Amino acid sequence: MERRRLLQALATLGVPALAPPLDAIQSIRDGVDRALGRDEGTHLDEWNEAIAEYGSRYLTLPPERLISELSADVYTVQQTMARIGTGDRKFPEWCGVMSMLSLLTAKTLSNLGHQAEARRWWATAQSAADRSGDPKLSLTVAGEGLIRALYAERPTRMVLAKADEVRERYPAVPCAGLTSLHSARAQALVREGRTDEAIAAIRDLRAVADKLPDSVIKNRESLFGWGEDRLLYTTAWVHAYAGRAEAADENARRATAALPANDLRSPTQLALIQGIGHVRAGDVTEGVRHARRGYENHPPEQRTTMIDHLANQVLAAVPAQRRAEPAVTEFRDLLVSART
């Protein structure tokens, strides 16, 4: 029944059915492991390695492919956790595995435009992280979830209130999750028009980033790393929404140069952020031109709702009296045609 529900859910999302049957494969492997004397606890290292690989694959695989793989792995881990039960001494570690798989699922569903489903997976990821007892995991889920909430156009005041709640709930351990939390605050503050506070939040972000361990800073080709490119991305965002086109351009250029080669989406997002900055600064023609060039050159299979959101933000920043200009209408038509 669980497998049937999984396949039905994938079909709803437009993902091809998994073959061969998952439960059959898992049943065979369970039998082999029992013959070898292996129990579920010995699988944890394998799953942590798989999650580390997903950190890189997330940046390269089209979302339609990634969600299928993630669904299969979530199903397998869920079955394992059901077998061992909450009383198992390694249950918290399994919660950590499920937390990261759920986070990846939430982000991928969001990329595909399934925001309601993504919100439910964020809740699952947070619950699993909290049950793992690892505050870094909890901060990671909370911080990443707040950033995604901004792209999903959830109220910025709600994001700020949630960020304050998270800061009170979890210890301020220097980690990628804490930097994501500060990043979300900075972006939400500038969206609220509180530019000076947003700049101050960038300084807080830099202070945390300077304390990150090398294992996080140097993990450049992974979703789970947090290097200079991500700091510059947030800084470019803040300046762009503040209408400081020159500062946004400078930080976006530096961020693009610092990006790992396997990040296929961030260069386009940064180009669109630059477009937002120019339009908000009053240079509509240059802003739309910059955004269009980035959007047109982006591989269609790698287009996500984050990219569509930023493209729409370029148009939203255009003053009403200039929305009928040829460059603006052509860019709007391009976005409409890309979605059909």
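Since the structure is predicted, the reported quantities are computational estimates derived from the model, not experimental observations.

Draft legend 1. A look at the overall build of the protein chain. What the protein chain contains, in helices and strands, is 17 helices and zero strands. Put simply, the protein chain has 340 residues, and 51% of those count as buried. Within the protein chain, counting contacts between residues at least 6 apart in sequence, those at least 24 apart form 69% of the total. On the protein chain, roughly 15,400 Å² of surface is accessible, and the fraction owed to carbon and sulfur atoms is 51%.

Draft legend 2. Representation of the packing of aromatic side chains in the model. All told, the structure shown has three aromatic pairs when counted by the stated rule. When the ring of Tyr-151 is compared with that of Trp-237, the centres are 5.4 Å apart and the planes differ by 65°; the resulting orientation is edge-to-face. One end of the pair, Tyr-151, is in helix H7 (residues 135–151); the other, Trp-237, is in helix H12 (residues 228–241), and 86 residues separate them in sequence. With respect to burial, Tyr-151 and Trp-237 carry one shared label: buried. With a centroid separation of 4.7 Å and an interplanar angle of 35°, the aromatic rings of Trp-237 and Tyr-241 are classed as tilted. With Trp-237 and Tyr-241 both in helix H12, this residue pair falls four residues apart, about one helical turn. Note on Trp-237: relative accessible area 0%, which makes it buried. Grouping aromatic residues by their ring pairs yields a cluster made of Tyr-151, Trp-237 and Tyr-241. Positioned above the aromatic ring of Tyr-58 is the side chain of Arg-265, whose terminal nitrogen or guanidinium carbon lies 5.3 Å from the ring centre.

Draft legend 3. Main features of the packing of helix H5 (residues 91–111) against helix H6 (residues 115–132). H6 packs onto H5 with a crossing angle of 160° between their chain directions and a minimal axis gap of 7 Å. Comparing the axis directions of H5 and H6 gives the class roughly antiparallel. In the crossing of H5 with H6, the sense of the turn from one axis to the other is left-handed.

Draft legend 4. Representation of the pattern of salt bridges. Applying the stated rule across the entire model yields 19 salt bridges. The residue Glu-93 makes a salt bridge to Lys-90 at a minimum N-O spacing of 3.7 Å. Between Lys-162 and Glu-165 there is a salt bridge, and its shortest N-O distance comes to 3.3 Å. Taken together, the positions of Lys-162 and Glu-165, both in helix H8 (residues 156–169) and three residues apart, correspond to about one turn of that helix. Ionic contacts of the salt-bridge type, sharing partners, join the residues Arg-206, Asp-210, Glu-228 and Arg-254 into one network.

Draft legend 5. Spatial organisation of the nonpolar core. Counting residues in each nonpolar core, the largest one holds 63 residues, and the members touching the most others are Trp-226, Trp-237, Val-288, Leu-310 and Phe-331. Once you skip the residues sitting within four places of it in the chain, Trp-237 turns out to touch Tyr-151, Gln-187, Val-190, Arg-191, Ile-273 and Leu-310. One finds Trp-47, Cys-95, Ala-125 and Ala-128 within the second-largest nonpolar core, a separate group that totals 30 residues.

Draft legend 6. Representation of helix H17 (residues 326–338). Counted at 1.5 Å a residue, the expected span for H17 with its 13 residues is 18 Å, and the 18 Å between its end C-alpha atoms agrees. Regarding H17, the residues found buried are Val-328, Phe-331, Leu-334 and Leu-335. Seen end-on, H17 carries its buried residues on one side only, within an arc spanning 120°. Along H17, the residues that are exposed and aim more than 90 degrees away from the buried face are Pro-326 and Asp-333. The secondary structure elements touched by the buried residues of H17 are helix H14 (266–280), helix H15 (284–296) and helix H16 (305–316).

Draft legend 7. Structural view of the environment of Ser-132. Along the chain, the position of Ser-132 falls in helix H6. Sequence spacing of Ser-132 and Ser-99 is 33 residues, and the spatial spacing of their C-alpha atoms is 8.3 Å. When residues no more than four places from it in sequence are discounted, the contact partners of Ser-132 are Pro-92, Cys-95, Gly-96 and Leu-137. At a separation of 3.2 Å, a polar atom in the side chain of Ser-132 contacts the main-chain amide nitrogen of Asp-134.

Draft legend 8. Molecular detail of the packing of helix H3 (residues 44–60) against H5. As a packed pair, H3 and H5 sit with axes 10 Å apart at the nearest point and diverge in direction by 20°. When the interaxial angle is binned, H3 and H5 end up roughly parallel. Of the two possible hands of crossing, H3 and H5 adopt the one that is left-handed. Residues Leu-44, Trp-47, Asn-48, Ile-51, Tyr-54 and Tyr-58 of H3 pack against Glu-93, Trp-94, Val-97, Met-100, Leu-101, Leu-104, Lys-107, Thr-108 and Asn-111 of H5. When the residues that make up the contact of H3 with H5 are grouped by side-chain class, the tally is ten nonpolar, three polar and two charged.

Draft legend 9. Examining H8 more closely. Here H8 spans 20 Å end to end across 14 residues, near enough to the 20 Å set by a 1.5 Å rise per residue. If you check which residues of H8 are buried, you get Thr-156, Val-159, Leu-160, Ala-163 and Val-166. With its buried residues spanning 120° around the axis, H8 presents them on a single face. Away from its buried face by more than 90 degrees, H8 exposes Arg-157, Glu-168 and Arg-169. Here the buried face of H8 lies against H7 and helix H9 (176–191).

Cut-offs applied
- Residues numbered from 1 in each chain as written.
- Predicted model: local features only at pLDDT ≥ 70, side-chain atom pairs only at ≥ 80, totals over all residues.
- Heavy atoms only, no water.
- Helix = DSSP H or I, 4+ residues; strand = E, 2+ residues; numbered from the N terminus.
- Buried < 20%, exposed > 50% of the residue type's maximum accessible area, 1.4 Å probe, protein only.
- Contact = heavy atoms within 4.5 Å.
- Areas by Shrake-Rupley, 256 points an atom, 1.4 Å probe, with all protein chains shown as cover.
- Phe/Tyr/Trp six-rings, centres within 6.5 Å; stacked < 30°, edge-to-face > 60°.
- Lys NZ or Arg CZ within 6 Å of the ring centre and 35° of its normal.
- Axes fitted to C-alpha atoms, helices over the stretch in contact; angles between N-to-C directions.
- Parallel < 35°, antiparallel > 145°, perpendicular 65-115°, else oblique.
- Left-handed = near helix turned anticlockwise from the far one by under 90°.
- Salt bridge = Lys/Arg side-chain N within 4 Å of Asp/Glu carboxyl O.
- Core = buried A, V, L, I, M, F, W, Y, C linked by side-chain atoms within 4.5 Å.
- Expected span 1.5 Å × (residues − 1).
- Arc of directions from axis to C-beta.
- Polar contact = N/O pair within 3.5 Å; in protein donor to acceptor, adjacent residues only side chain to side chain.
- Nonpolar A, V, L, I, M, F, W, Y, C, P; charged D, E, K, R; others polar.

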